[in-house]
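# Understanding the architecture of this molecule
Given next are the chains, with one letter for each unit.
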Amino acid sequence: MPQSLTVRVRRPDGRPIRIWVPVLPVVLVFLPVVVLAVLVGAVACLVYHVSVVRALATGWRLVAALPGTRFDLEQGRTAVLVSIR
Amino acid sequence: MNEQRKDILDMLAEGKISAEEAEQLIAALERDQPTAAPGPDARPKGKAKYLRVVVDAIEDDEPTRVNVRVPLQLLRAGVRLAALIPPQALGKANAELMKSGVPLDLTQLKPEQLEALVEHLDEMTVEVDQPDARVRVFCE
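Below, the structure is looked at part by part. Please read all numbers here as calculations on a predicted model, not as lab measurements.

Across its full length, chain A carries 3 helices and 4 strands. Reading chain A from its N end, one meets helices and strands in the order β-β-α-α-α-β-β. Taking 12 Å as the expected radius of gyration for a compact globule of 85 residues, we find that chain A reaches 17 Å, considerably beyond that expectation. Considered along the principal axes of its C-alpha atoms, chain A spans approximately 50 × 25 × 20 Å.

Here you go:
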């Protein structure tokens, strides 16, 4: 499971912005929303005749596979980096 | 640009180090890492873990670089997610594809075939060279 999300932005004037998001505490804070989203997803699975267990397992696998993802964009003096660890 | 070099430039931008110190640090970094950024040819043999997409281009007279790293595990999970798409949605997608002139029957695509495709991605390298842009897709 991802542990942290790092966003780094270098603005054209060279000043950097760094945002480090610890995933677990944020998920805990938003737990009610997460539970609600899972319930809505489960209902959608039932409506479209998709196995809820399979969907949950696949969703979890997707989230668990996120660490290591990295997106890096540089244009001139501007740069954006998004990294999931 | 690698992570350490970026950190040095950030420290310089924040005024934590002088330009001379930054130059010394970058020179030291280059001594420690004499080889260039790993490309498809430099990849050591073994099981690939990431799919990399690197785009170098010139846009508005400024060099632009896009560097994306996606774990292959994420692609595998995505393939499994695609297997959950209900048949009626696949039928609609097929109809739209047909309308766009792509006669592809998505219902015939089996998850095992897609997984085999991802499995063999590490043998794939795509390089597109144009005067003002270069795109590389490879696994590492």
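For the rest of this paragraph, the subject is the overall build of chain B. Counting its regular elements, chain B contains 5 helices and 4 strands. Walking chain B from its N terminus toward its C terminus, one meets helices and strands in the order α-α-β-β-α-α-α-β-β. Per-residue burial for chain B yields a buried fraction of 26% across its 140 residues. Taking the contacts inside chain B whose residues are at least 6 apart along the sequence as the reference set, 50% of them involve residues at least 24 apart. Total accessible area computed for chain B in this model is approximately 9,300 Å², and 57% of it derives from carbon and sulfur atoms.

With that out of the way, let us pick up the sheet that holds strand β4 (residues 78–84) of chain A. The strand order across the open sheet built from 8 strands is β2(A)-β1(A)-β4(A)-β3(A)-β2(B)-β1(B)-β4(B)-β3(B), with neighbouring strands paired in antiparallel fashion. Among the strands making up the open sheet, the edge pair consists of β2 (16–22) of chain A together with β3 (125–130) of chain B. Neighbour-to-neighbour, the strand axes of the sheet open up by a mean angle of 5 degrees, direction not taken into account. Here β3 of chain B runs beside strand β4 (residues 133–139) of chain B; their pairing, made up of 6 bridges, is antiparallel.

Ranked by size, the top nonpolar core spans 8 residues in total: A48, L51, L72, V79, V118, L121, V137 and C139 of chain B. Among the elements of the structure, α3 (72–82) and β4 of chain B are those that each provide at least two residues to this core.

It is worth spelling out a negative patch on the surface at this point. All names here are of chain B. On the surface, E59, D60, D61, E62 and D132 cluster together to form a negatively charged patch. Relative to the elements of secondary structure, E62 occurs in strand β2 (residues 62–71). On the basis of relative accessible area, E62 is assigned to the partly exposed category, the value being 34%.

Cut-offs used in this document
Residues numbered from 1 in each chain as written. Chains lettered and ligands numbered in written order. Predicted model: local features only at pLDDT ≥ 70, side-chain atom pairs only at ≥ 80, totals over all residues. Heavy atoms only, no water. Helix = DSSP H or I, 4+ residues; strand = E, 2+ residues; numbered from the N terminus. Rg over C-alpha atoms; globule rule 2.2 N^0.38 Å. Buried < 20%, exposed > 50% of the residue type's maximum accessible area, 1.4 Å probe, protein only. Contact = heavy atoms within 4.5 Å. Areas by Shrake-Rupley, 256 points an atom, 1.4 Å probe, with all protein chains shown as cover. Pairing = 2+ DSSP bridges. Axes fitted to C-alpha atoms, helices over the stretch in contact; angles between N-to-C directions. Core = buried A, V, L, I, M, F, W, Y, C linked by side-chain atoms within 4.5 Å. Patch = residues over 30% accessible without salt bridge, like charges linked within 9 Å, V, L, I, M, F, W, Y side chains within 5 Å. Salt bridge = Lys/Arg side-chain N within 4 Å of Asp/Glu carboxyl O. Lys, Arg positive; Asp, Glu negative; His and termini not counted. Charge placed at Lys NZ, Arg CZ, Asp CG, Glu CD.

The values reported here are purely geometric and, on their own, carry no functional implication.
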